[in-house]
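Residues per chain are reported as follows:
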Amino acid sequence: VSAAAEEHNSEGRPSGAPPGAPQAFPWPVLVCFALTAAGAVGFAASYWVDAGTEALGATFGGALAFLALGLALWSRAIDAGEPEYVEQRSPLRTAPSEYDGFRAALAEQPVRRSGVLWSMLGLSAFSLGGAALFPLRSLYFEHDVSPDEALSRTDWLPGRRLVDDDGLPVKPVEVGPDSVITVHPEGVDPGKEVDTVTVLVRIDPVELDLPPERTGWDVDGVVAYSKLCTHAGCPVGLYVETRYQLLCPCHHSIFDTRRAADPIEGPASRPLPQLPLDVDEAGYLVARGDFSAPVGPGWWRYPE
Amino acid sequence: VRLLPRPQPLRALDERIGFAGVARKALGKVFPDHWSFMLGEIALYSFMILIATGVYLTLFFEPSTALRPYTGDYDPLSGELLSGAYASTIELSFDVPGGLLMRQAHHWAAHIFIGAITLHLCRMFFTAMFRRPRELNWMVGLTLLILSIFNAYAGYSLPDDLLSGTGLRIFEAILRATPLVGAWLSFLMFGGEFPGDAIIERLYILHVLVVPGLLAAGIAVHLLILVVQKHSHFAGPGRRETNVVGSRVWPAYALRSLSLLSAVAAVCFLAGGLLQINPIWAWGGFEPATITSPSVADWYILWIEGALRLFPPIEFTVFGLLVPNQFWAGVFLPAMVFGVLYLWPWIDRRLTGDRGTHHITGRPREAPARVGIGAWAITFMAVLLAAGAQETWVQWTDWDIATVRTILRITVLALPVLVGVVSWWLARSLKHQGEERELLELQRTDLAPAAHHDQEEVAG
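Residues numbered from 1 in each chain as written. Chains lettered and ligands numbered in written order. Predicted model: local features only at pLDDT ≥ 70, side-chain atom pairs only at ≥ 80, totals over all residues. Heavy atoms only, no water.

Draft legend 1. Broad picture of the overall build of chain A. Helix and strand content of chain A: 6 helices and 12 strands. Here chain A has a C-alpha radius of gyration of 37 Å; the compact-globule value for 304 residues is 19 Å, and the former is much larger. Along the longest, intermediate and shortest principal axes, the C-alpha atoms of chain A span 105 × 75 × 40 Å. Within chain A, the fraction of its 304 residues that count as buried is 39%. Counted over contacts in chain A with a minimum sequence separation of 6, partners at least 24 positions apart contribute 55%. With an accessible surface of roughly 16500 Å², chain A has 61% of that area assigned to carbon and sulfur atoms. With 22 positive and 41 negative side-chain charges, chain A shows a separation of 7 Å between the mean positions of the two kinds. (Helix = DSSP H or I, 4+ residues; strand = E, 2+ residues; numbered from the N terminus. Rg over C-alpha atoms; globule rule 2.2 N^0.38 Å. Buried < 20%, exposed > 50% of the residue type's maximum accessible area, 1.4 Å probe, protein only. Contact = heavy atoms within 4.5 Å. Areas by Shrake-Rupley, 256 points an atom, 1.4 Å probe, with all protein chains shown as cover. Lys, Arg positive; Asp, Glu negative; His and termini not counted. Charge placed at Lys NZ, Arg CZ, Asp CG, Glu CD.)

Here it is as structure tokens:
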């Protein structure tokens, strides 16, 4: 191969290579191309009679597969009669004289060279670019609330009722011992607002172990926690009732609902914020205020 | 009978734009023959298929989160109020003839696109073709990889289904973990606090216009630099730093390349027709308070998911600022991975002391340290991918999550080091056995202790 490779010049033309012996007609290539055409007709027919996705994919993909095979066989037949070709590399760098000419042309200016002028041009371009960034602020629609403020609080207000996914208020007795209820503030569209989403859990008051300053945040053992994982914000959608654990399906953080939703396994590092509860005169659960901490994932300006 | 002269369109064109000289040269361009040169081509061809199928999908897709009734043939959702994005993707899947084929072919093509780029990257890494003069094209290629991962993620999120909505939720958590400006970035991206009602429209314009435009421009630059610098080639008889040996574009190489294009298209459409992918009707529409379980992302971002799962529950404050837990897996890790890759040509120079120009591909054994580091990195990513599918291991083994997580945490630290050291050692042994010996021909006696080689090196 090496000797043959060296014989061909940089134009990629074999120099004095013997013409290949006349080859047999590549019948398999012809058959493949015919099958491609047949597959294409099959695809059109499948579409016409609405034969379904599988038939469409099989006919179209099959036609392409035969096309690929035909072209590959054809190329192989050509290769059999072809030597290896050699192309010379010219050096990538420009010849020094030409390069110097380029630098000279670049430097050539009828106006006096001025560093100040160039600096001012740079400054003006920089400030123009900076000014053009201002309209990006409009991408955040709200103008009065900073992101830090918005992330730090939710719409839970004292006395606001807890309603389930169907919008119905919830009484403490409806919270069973072996399941959780997802609740939202009354009047909030749960499809639009997610930072208020809360889970209600019933815990045997003997087992409930809340910090002393949260005395009275439960109603007869019914406690409420934010449903947003404090790691990456996924809803903690799985409840292991035998162990009173809430589990996040995203990264498998586990929270102990008996002990103020402390994270006991996985990457979550902060407990699920707790919502202080009360009942109104009609006996329905209401919030006593906002969560004990900002909900969801942390961020750098997370308030201490 | 006077016959009209036979029309000669090529001649007519040449009389007007004089292209034949350039074209003659192009037809004679030499392409090296090695299968691994096809990886980049596969990426290019799957990009073309992505554009073709993607344009078709835009004709039916509605980038809207506004609710509207679905009235098509898919009974379980018939009459339901769904977001425009979700409803139109359901229609594409059930009510547009050929729509599901195009949707699934598009999704499979995206997997092939990123997969081919990743393998192409590995090939360039282990054959050291990031070296002078190809540092620039190495970085262009990396940029294309980042853009394609972002665009795949954006496209995956468009149908507004429950699974991708969960993915967006995690994306938001990562965005907000960006140092200092995170909350602002998140609110600017989503138009407000997650979920907002702007993200689908914004991802749509990024997915169908901005990022594909950048990809097309980047691919053009990548290929232009390739043509200027010419292909590298593998070592062999007659192959020198000053030439390229292989097939001419016309006829052999062009036909082979067209065959590859057809083959990539065949795989996309056969898979698109026969292998179900991302059945969004099974996940349901996005509701921010709900989640599917299990939740496993597509593989090209699953390594970030795996890292999010394995990182220990550590959060601390620096100068009164919280360093959120998800920062490490979501921001720091990808920044490190791509940062090190961008700088690799210069890191490698430090490691090997090789500052020369190369057009013949390096052999891995020439730089055992590079082999070791590369093997370490690939194993590290592979274990993170495995951790991204943690629930699968929990189901298989029936162990609890904590046990599986502990095993994965140990594995992600230990296994890459083990694989890296073994690879480094094998590469070293091969280096000292000379150029002829192949990996599988290594004998036990060839695997001399490292100290022995060090002495040899000092002596040599």
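Draft legend 2. A look at the sheet that holds strand E9 (residues 262-265) of chain A. Residue and element names in this part refer to chain A. Across the sheet, 4 strands lie side by side as E6-E7-E8-E9; this open sheet has antiparallel pairing. Sheet topology places strand E6 (238-240) and E9 at the edges, where each strand pairs with a single neighbour. Shown here is a sheet whose adjacent strand axes are inclined to one another by a mean of 35 degrees, direction ignored. (Pairing = 2+ DSSP bridges. Axes fitted to C-alpha atoms, helices over the stretch in contact; angles between N-to-C directions.)

Draft legend 3. View of the state of the cysteines. Inspection of the entire model under this criterion finds 1 disulfide over all chains. Paired through a disulfide, Cys234(A) and Cys250(A) show a sulfur-sulfur distance of 2.1 Å. Taking the torsion about the S-S bond as the criterion, the Cys234(A) to Cys250(A) disulfide, at about -85 degrees, is left-handed. Taken together, the residues Cys234(A) in the loop between strand E5 (222-226) and E6 and Cys250(A) in the loop between strand E7 (245-247) and strand E8 (254-256) connect sequence positions 16 residues apart. In terms of burial, Cys234(A) and Cys250(A) fall into one category: buried. The thiol sulfur of Cys32(A) is not disulfide-bonded, and the nearest other cysteine sulfur, from Cys268(B), lies at 20 Å. (Disulfide = S-S within 2.5 Å.)

Draft legend 4. How the structure looks around the pairing of E9(A). All names here are of chain A. Note: E8 against E9, 3 bridges, orientation antiparallel. Its bridge partner being in E9, Phe-255 is matched across the sheet by Pro-263. Adjacent in sequence and paired antiparallel, E8 and E9 are bridged by 5 residues, among which Ala-260 carries a positive phi angle near 55 degrees.

Draft legend 5. Summary view of the interface of chain A and chain B. Facing the 80 residues of chain A at the interface are 95 residues of chain B. Carbon and sulfur atoms make up 62% of the area that chain A and chain B hide from each other, which totals about 7400 Å². On the chain A side of the interface with chain B, the three residues burying the most area are Glu87(A), Arg89(A) and Trp300(A), jointly 14% of the side's total. Taken together, chain A and chain B are joined by 6 salt bridges. (Buried area = accessible area lost by both parts, 1.4 Å probe. Salt bridge = Lys/Arg side-chain N within 4 Å of Asp/Glu carboxyl O.)

Draft legend 6. Broad picture of helix H14 (residues 368-388) of chain B. Residue and element names in this part refer to chain B. Counted at 1.5 Å a residue, the expected span for H14 with its 21 residues is 30 Å, and the 30 Å between its end C-alpha atoms agrees. Of the positions making up H14, those classed as buried are Pro-368, Arg-370, Val-371, Gly-372, Gly-374, Ala-375, Thr-379, Phe-380, Val-383, Leu-384, Ala-387 and Gly-388. In this fold, the buried residues of H14 make contact with helix H5 (99-126), helix H12 (299-310), helix H13 (325-352), helix H15 (390-397) and helix H16 (401-432). (Expected span 1.5 Å × (residues − 1).)

Draft legend 7. Fine view of H15(B). All names here are of chain B. Along H15, the residues that are buried comprise Gln-390, Glu-391 and Val-394. The buried residues of H15 occupy an angular sector of 100 degrees when the element is viewed end-on, so they sit on one face. The outward face of H15, more than 90 degrees from its buried face, is lined by the exposed residues Gln-395 and Trp-396. Asp-398 sits one or two positions beyond H15 and adopts a positive phi of about 65 degrees. (Arc of directions from axis to C-beta.)

Draft legend 8. Focus on the pairing of strand E4 (residues 243-248) of chain B. Among the 6 residues in E4(B), 6 count as buried, and that is most of the element. Note: strand E1 (residues 85-88) of chain A against E4(B), 4 bridges, orientation antiparallel. Within E4(B), the position partnered with Gln88(A) by the bridge is Asn243(B).

Draft legend 9. Representation of the packing of H12(B) against H13(B) in the model. Residue and element names in this part refer to chain B. In the contact formed by H12 and H13, the axes pass within 8 Å of each other and the chain directions differ by 135 degrees. Here H12 is positioned oblique relative to H13, judged by the angle of their axes. Crossing hand, H12 versus H13: right-handed. Where H12 abuts H13, its residues Trp-303, Ile-304, Ala-307 and Leu-308 lie against Gln-326, Ala-329, Gly-330, Leu-333, Pro-334, Val-337 and Phe-338. Each residue belonging to the contact of H12 with H13 can be placed in one class, and the counts come to 9 nonpolar, 2 polar and no charged. (Parallel < 35°, antiparallel > 145°, perpendicular 65-115°, else oblique. Left-handed = near helix turned anticlockwise from the far one by under 90°. Nonpolar A, V, L, I, M, F, W, Y, C, P; charged D, E, K, R; others polar.)

Draft legend 10. Just the nonpolar core, in detail. Leu200(A), Leu277(A) and Trp138(B) are the most contacted members of the largest nonpolar core, which has 135 residues in total. Sort the elements by how many residues they give to this core and H5(B) lands first, with 12 residues. Setting aside anything within four residues of it in sequence, one finds Leu277(A) in contact with Leu162(A), Leu200(A), Gly216(A), Trp217(A), Val219(A), Val222(A), Val223(A), Ala224(A), Leu285(A), Val286(A) and Arg288(A). In terms of nonpolar packing, the next biggest core, distinct from the first, is built from 10 residues, Leu77(B), Tyr86(B), Ile280(B) and Trp281(B) among them. (Core = buried A, V, L, I, M, F, W, Y, C linked by side-chain atoms within 4.5 Å.)

Draft legend 11. Examining the sheet that holds E1(A) more closely. Ordered in space as E1(A)-E4(B)-E1(B), the 3 strands form an open sheet in which the pairing is antiparallel. Both edges of this open sheet fall to E1 of chain A together with strand E1 (30-31) of chain B, since each of them pairs with a single strand only. Packing against the sheet, helix H10 (residues 249-274) of chain B makes contact with E1 and E4 of chain B, and its axis sits at approximately 75 degrees to E4(B).

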